[in-house]
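# Structure at a glance
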Amino acid sequence: MTLGLRSTLPILACSLFLAGCVGGIHSGGKESYPPQNEVPIAANFATNTQLKLQAAEHWRRVADDAAEALAKGLASGGKCLPGRGCVALYLKRACETSGCSPMRCDTVFNRIFHNELLTALVSRGYPVSSVPVAGALVVEVDSQAVAFTANRPQYRYAGQPVEIAPGVWALRDAISLVDSDGASSARTDDPDLNWYRARFAGGRTPQNELVISVSALTPEGTYAARHTGVYYISDADAGHYACAAASSVRVGTSRTWSIPVSGECSTGRCVQSTEGAAR
């Protein structure tokens with residue numbers, strides 16, 4: 001009897017200790033939360049998907065989506081309709097300058113996306129000018145690459161849970177491509193069983209993302225249409241979205257800017273301007 005009591009005491013002590021220390025740990029719905037808490041409880045957003053840019057063809061699709069969104073916005077507002085009531089659209093390049101200070105560096109993505117967006121707008125019947133035109137709507141593109149922490153959690157498909165006995169579960173998945181009749185099939189649409197799960201991007205969750213905003217502004221400076229998209233980019237391709245080199249070089253007490261001529265961003269068509277360091 002004594003031995004039994006002694007063996008029970010450590011268990012009781014541990015139980016009491018845990019009960020006193022984990023009072024803030026709950027399971028279940030919101031009704032199981034404590035009535036008061038020192039800070040708001042961190043929660044996840046509802047699960048959604050985000051496209052991953054992995055090829056120049058993907059850039060073309062993003063540009064086409066942006067052009068379509070601008071077209072819908074302009075049409076709903078009665079601004080710059082193809083064939084009537086539209087002077088032109090002036091598509092600004094991302095690297096155009098203001099005075100002696102470049103607005104932003106040019107990147108591989110910026111150059112190609114500019115051309116793809118131009119093609120998409122022209123194909124929709126819009127007159128697009130490469131130089132400022134009086135009364136034209138100005139189309140601006142702002143792209144910003146953002147780097148987050150590495151090794152973020154990534155969803156992994158592991159099959160469908162199946163209860164094979166009370167309290168006993170297993171994961172079931174297709175190990176070959178077959179259609180509903182059991183014949184070999186390379187299709188990926190339901191109800192075919194496709195264990196490749198090709199709709200999910202391979203590898204880890206990318207560390208880098210890209211935010212692209214395309215706007216159409218009236219001559220008065222008001223926004224007539226705007227579209228913003230957020231995409232993952234392959235970490236190995238991050239250099240396509242970053243500046244290739246510094247935009248200025250300091251020489252002694254002065255700083256020399258290589259300023260691209262308006263509308264032209266190639267290295268061979270730049271003018272230089274030197275300003276004092278004090279400025």
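Everything in this summary refers to the structure shown in the same document. (Residues numbered from 1 in each chain as written. Predicted model: local features only at pLDDT ≥ 70, side-chain atom pairs only at ≥ 80, totals over all residues. Heavy atoms only, no water.)

## Brief notes about the overall build of the protein chain
Assigned secondary structure in the protein chain consists of three helices and 13 strands. Looking at the 279 residues of the protein chain, the share that counts as buried comes to 25%. The long-range share in the protein chain, meaning contacts at least 24 apart out of those at least 6 apart in sequence, stands at 61%. Taken as a whole, the protein chain presents about 18800 Å² of accessible surface, with 56% of it coming from carbon and sulfur. (Helix = DSSP H or I, 4+ residues; strand = E, 2+ residues; numbered from the N terminus. Buried < 20%, exposed > 50% of the residue type's maximum accessible area, 1.4 Å probe, protein only. Contact = heavy atoms within 4.5 Å. Areas by Shrake-Rupley, 256 points an atom, 1.4 Å probe, with all protein chains shown as cover.)

## Overview of empty space enclosed by the protein
Tallied over the entire structure, the rule returns two cavities of 30 Å³ or more. Put simply, the largest cavity is a space of about 60 Å³. What lines the largest cavity is K92, R93, A94, F109, N110, F113, H114, V141 and S143. Sorting the residues of the lining of the largest cavity by element identifies α3 (108-123) and β6 (137-147) as the ones contributing at least two each. For the lining of the largest cavity, the leading source of residues is α3, giving four residues. Each residue belonging to the lining of the largest cavity can be placed in one class, and the counts come to four nonpolar, three polar and two charged. The calculated volume of the second largest cavity comes to roughly 30 Å³. Surrounding the second largest cavity, V62, A66, F113, I212, V214, H227, G229 and Y231 form its lining. Contributing elements (two or more residues each) for the lining of the second largest cavity: α2 (56-76), β9 (208-217) and β10 (223-233). Residue contributions to the lining of the second largest cavity peak at three residues, all from β10. For the lining of the second largest cavity, the class distribution of residues is six nonpolar, two polar and no charged. (1 Å grid on protein atoms, 1.4 Å probe; cavity = no way out; pocket = protein on both sides within 12 Å on 5 of 7 lines; lining within 4 Å. Points joined across faces, edges and corners; volume = space filled by probe spheres on them. Nonpolar A, V, L, I, M, F, W, Y, C, P; charged D, E, K, R; others polar.)

## Section: the sheet that holds strand β1 (residues 52-53)
The mixed open sheet is built from six strands, whose spatial order is β1-β10-β9-β6-β2-β5. This sheet does not close on itself; its edge strands, each paired only once, are β1 and β5 (128-129). Where β1 meets β10, two bridges bridge the pair, whose relative direction is parallel. By the bridge assignment for β10, L53 is matched with I233. (Pairing = 2+ DSSP bridges.)

## Remarks on the layout of surface pockets
Sizing a probe to match a water molecule and rolling it over the atoms shows the empty space that remains. Within this model, the largest pocket holds a volume of roughly 1100 Å³. Taken together, 32 residues make up the lining of the largest pocket; nearest its centre are N48, T49, Q50, L51 and Y232. Here the lining of the largest pocket takes four residues from α2, the largest share from any one element. Classifying every residue of the lining of the largest pocket by side-chain character gives 14 nonpolar, eleven polar and seven charged.

## Structural notes on the pattern of salt bridges
Applying the stated criterion across every chain yields a total of six salt bridges. Taking the shortest distance from any N to any O, the salt bridge between E57 and R61 comes out at 3.3 Å. With E57 and R61 both in helix α2 and four residues apart, this pair spans about one turn of that helix. Of the residues examined, E57 reaches a relative accessible area of 35% and is grouped as partly exposed. Of the charged contacts in the structure, one is a salt bridge between E209 and R152, with a shortest N-O distance of 3.1 Å. Of this pair, E209 sits in strand β9 while R152 sits in the loop between β6 and β7 (160-165), and the two are 57 residues apart along the sequence. Within the structure, one salt-bridge network assembled from shared partners comprises E57, R60 and R61. (Salt bridge = Lys/Arg side-chain N within 4 Å of Asp/Glu carboxyl O.)

## Looking at the pairing of β9
The buried count for β9 comes to nine of ten residues, which makes it a mostly enclosed element. Note that β6 and β9 share ten bridges and pair antiparallel. Bridging from a neighbouring strand, V138 pairs with L217 of β9. Here β9 pairs with β10 via ten bridges, running antiparallel. Counted as the bridge partner of E209 is Y232 from β10. Counting the residues that bridge the hairpin from β9 to β10 gives five residues, and of these G221 lies at a positive phi of roughly 90 degrees.

## Considerations on α3
With 16 residues, α3 extends 23 Å between its outermost C-alpha atoms, agreeing within 8% with the 22 Å of an ideal straight helix rising 1.5 Å per residue. By the burial criterion, the buried members of α3 are F109, N110, F113, H114, L117, A120 and L121. Within α3, the buried residues cover an arc of 135 degrees as seen down the axis, which keeps them to one side. Turned more than 90 degrees away from the buried face of α3 sit T119 and S123, all of them exposed. Buried residues belonging to α3 abut α2, β2 (89-91), β5, β6 and β9. Just beyond α3, the residue with positive phi is G125, at close to 90 degrees. (Expected span 1.5 Å × (residues − 1). Arc of directions from axis to C-beta.)

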